[in-house]
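Chain residues, written in single-letter form:
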Amino acid sequence: MYFINEHEIVLDELERLQPWTSYDRVISLAMNFIKNCPVDADSDLPWYLLYSCFWTDPLRPTVWPDNPAGKFAWAVTTLLKYYPYSGDASHIEIVRAMLDRLIEYRVPSHWEWGNAPYASAHPGKGVYFGARADGEYATEPDKVAQVGRAFIDFYEMTGDEKYLRAGEDCAAVLLKHLIPGDENSSPLPFRVAVKDGRIIEAYTADMIPLVRLFDELARLGRQQYQAPRDAVLEWLFKYPLKNNLWKGYFEDIRVDVENGNRDQLSPLETARYLLSNPSVDPNWRDTVPVLIDWVEKTFGAPPFFSAVPIHEQKYCYYVMGSHTARFASLCANWYEKSADERYREMAVRSLNWATYMANEDGLVTVGVDRPDYYNQCWFTDGYFDFVPHFIDAMASIPELAPDDEDHMLYSSTVIQEITYQPGQIRYRTFDQSGMQRLKIIFEPASVTCAGDALPCVSDASLEGWSFDPISRVLSIHHRKNDICVSARRLG
């Protein structure tokens, strides 16, 4: 018998790894744990506001530097996908508490990196001002960008302009420090001292969060960010996309001025951006599989019953659930565009492997290596940078989604509100126009947009709606933001 963590492995007739339970159940187990997260006895705050990780045997916090900026930004990413998928609105307020705390403890406005959030913090305090590798009163600009976009996204979900202003504050301080960059220095450094601006570590390839932040602000009418966004993309194409110097994301890794580390996150998230924005790269159909294949070659472990687990990075060379799930989601996304069955197979098997990190009690361990990672859980790697990859894979391969429930799998715009009822789904989007993909169990009879009937079309790319009764996939293209899908005709 073979086990991964607490689960005896499940194989199909070809001895390929199967999940121990459904992807949907893994998602539910993880998100329900966050809703019922243990609370610190002294501060009465949930652990995710105080700690990066915790042990399971026995259940207790880990005394390891916290990672508030990246952790809470990933929580927003999870919310944007999980809320439309589930209709569970309780996580909106959980995320609000995270972002409010980042705002409360950000860099003083009169310092060089004023209003920037902190990437790291001492554990158990809930007060953020840097820690360990970054040092106190230091931060990481790529996390400032990641949080800046998270603030904007949360504004689009809630309509609360406080978060728009916080996102603009992040963008302003990033723009202030932007440089052209070269092969040794990225357009923004990886680590900086926030009071005087001293550069601690000059290079990171994780520039996609900055591109995404500037993208969205330009789309919202802040045109001063368009040219800088283009310049950052130009640097990406000139350097890391040519020399594969992909490093500089993880907060707790020692200062690496020699640029010896490599990680999988920055190339895979770059690939994700190119898949979503193909107009920025005329050769994206060549670029994307090269990035995925580089990660497989550089960080892939030997196949385990056809599954390819992925190591986190060179300087922390452990196979982990979240990064294997990220790799799987990119394989699924590329399969959707390319129809290359090899990537579908890698997506499914690697995602299956990642399910074995989740347990019946909602604890999601970071990996399987003993003794360091067997019973440790991270709020990023087990939850906020884990759950969304399953939903992304379902969006690209809808047969992976449940057959007995209604779920929104993808939206091109932020979903502000959604309700699921038997035979009916109502939702409102931030943008007037957009596209959604759902997998539903009922036969839709009508789709209305702000009360007006949308036409049923044969081509899923046209404005209107189309439904495939075999896959149960409903695609909707709309130009107003209140949508109702019903099993009966309305009006």
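Up top is the structure these notes are about.
Below is a short write-up of the structure. Here the structure is a predicted model, which means the values were calculated and not measured.

Next up on the list: the packing of aromatic side chains. Any pair of aromatic rings gets described here by the distance separating the centres and the angle formed by the planes. By the definition in use, this model includes 24 aromatic pairs. An angle of 70° between the planes, with centres 6.1 Å apart, marks the rings of tyrosine 155 and phenylalanine 430 as edge-to-face. With tyrosine 155 in helix H4 (residues 141-158) and phenylalanine 430 in the loop between strand E17 (424-429) and strand E18 (434-439), this residue pair connects regions lying 275 residues apart in the sequence. The exposure class of tyrosine 155 is buried, given its relative accessible area of 15%. Ring centres 5.8 Å apart and planes at 80° place the aromatic pair tryptophan 294 and phenylalanine 299 in the edge-to-face group. By the ring-pair criterion, three or more aromatic residues cluster together here, those being Phe33, Trp47, Tyr48, Tyr51, Phe54, Phe379 and Tyr383. Over the ring of tyrosine 249 we find lysine 143; its NZ or CZ atom is 4.1 Å from the centre of that ring. Over the ring of tyrosine 343 we find arginine 342, and its NZ or CZ is 5.1 Å from the ring centre.

So, on to the sheet that holds strand E19 (residues 446-449). Ordered in space as E16-E17-E23-E19-E20, the five strands form an open sheet in which the pairing is antiparallel. Where the open sheet ends on each side, the last strands, each with one partner, are strand E16 (415-421) and strand E20 (452-453).

This part takes up the pairing of E16. In the sheet, E16 pairs with E17 via six bridges, with the strands oriented antiparallel. Residue pairing across strands places threonine 419 opposite arginine 426, the latter belonging to E17. Where E16 folds back on E17, the antiparallel hairpin that results is connected by two residues, among which glycine 423 adopts a positive phi of roughly 75°.

Another point: the pairing of strand E21 (residues 464-468). With four of its five residues buried, E21 lies for the most part within the structure. As paired elements, E21 and strand E22 (residues 473-478) share five bridges and run antiparallel to each other. Directly across from aspartate 468, in E22, lies its bridge partner valine 473. Linking E21 back to E22 in an antiparallel pair, the connection comprises four residues, with arginine 472 at a positive phi of about 65°.

Between helix H6 (residues 208-219) and helix H7 (residues 226-238), the shortest axis-to-axis distance is 9 Å and the interhelical angle comes to 155°. In this view, H6 runs roughly antiparallel relative to H7, as classed from their interaxial angle. Between H6 and H7 lies a crossing whose hand is left-handed. Seen from H6, the contacting residues are Ile208, Leu210, Val211, Phe214, Asp215 and Ala218; seen from H7, they are Gln226, Pro228, Arg229, Val232, Leu233 and Leu236. Here the contact of H6 with H7 is built from residues that sort into nine nonpolar, one polar and two charged.

Turning to helix H3 (residues 90-104), a few remarks are in order. Helix length check: H3 (15 residues) gives 22 Å between terminal C-alpha atoms against 21 Å at 1.5 Å per residue, within 8%. If you check which residues of H3 are buried, you get His91, Ile92, Ile94, Val95, Arg96, Met98, Leu99, Arg101, Leu102 and Ile103. Contact partners of the buried residues in H3: helix H1 (23-35), helix H2 (68-86), H4, helix H5 (161-176) and helix H13 (380-384).

So, how was this worked out
Counting restarts for each chain, with residues numbered from 1 along the sequence as it is written. Confidence filtering applies because this is a predicted model: local features only for residues at pLDDT of at least 70, side-chain atom pairs given and counted only at 80 or more, and all residues used for totals across whole chains, interfaces and linings. Think of the side-chain values as coming from all heavy atoms in the structure, minus any hydrogens and water. The criterion for an aromatic pair is that two Phe, Tyr or Trp rings (for Trp, the six-membered ring) have centres within 6.5 Å, with stacked assigned to planes under 30 degrees apart, edge-to-face to planes over 60 apart and tilted to the rest. Under the scheme used here, helices are H or I runs from DSSP no shorter than 4 residues and strands are E runs no shorter than 2 residues, and both carry numbers assigned from the N terminus. In this scheme, a residue with accessible area under 20% of its type's maximum is buried, one over 50% is exposed, and one in between is partly exposed, where area comes from a 1.4 Å probe on protein chains only. In this analysis the charged atom, NZ for Lys or CZ for Arg, is taken to sit over a ring once it is within 6 Å of the ring centre and within 35 degrees of the ring normal. At least two bridges found by DSSP between two strands are what make those strands a pair. Orientation is described by axes fitted as lines to C-alpha atoms, over the contacting stretch for helices, and by angles from 0 to 180 degrees between their N-to-C directions. Reported orientations rely on four angle classes, namely roughly parallel under 35 degrees, roughly antiparallel over 145, roughly perpendicular from 65 to 115, and oblique for the rest. Here a crossing is called left-handed whenever its near helix is offset anticlockwise from the far helix by less than a right angle, and right-handed whenever the offset is clockwise. Should any heavy atoms of two residues lie within 4.5 Å, those residues are counted as being in contact. Gly is put with the polar residues, along with every residue not named as nonpolar or charged; the nonpolar set is Ala, Val, Leu, Ile, Met, Phe, Trp, Tyr, Cys and Pro, and the charged set is Asp, Glu, Lys and Arg. Expected helix span is given by 1.5 Å per residue-to-residue step, counting one fewer step than there are residues.

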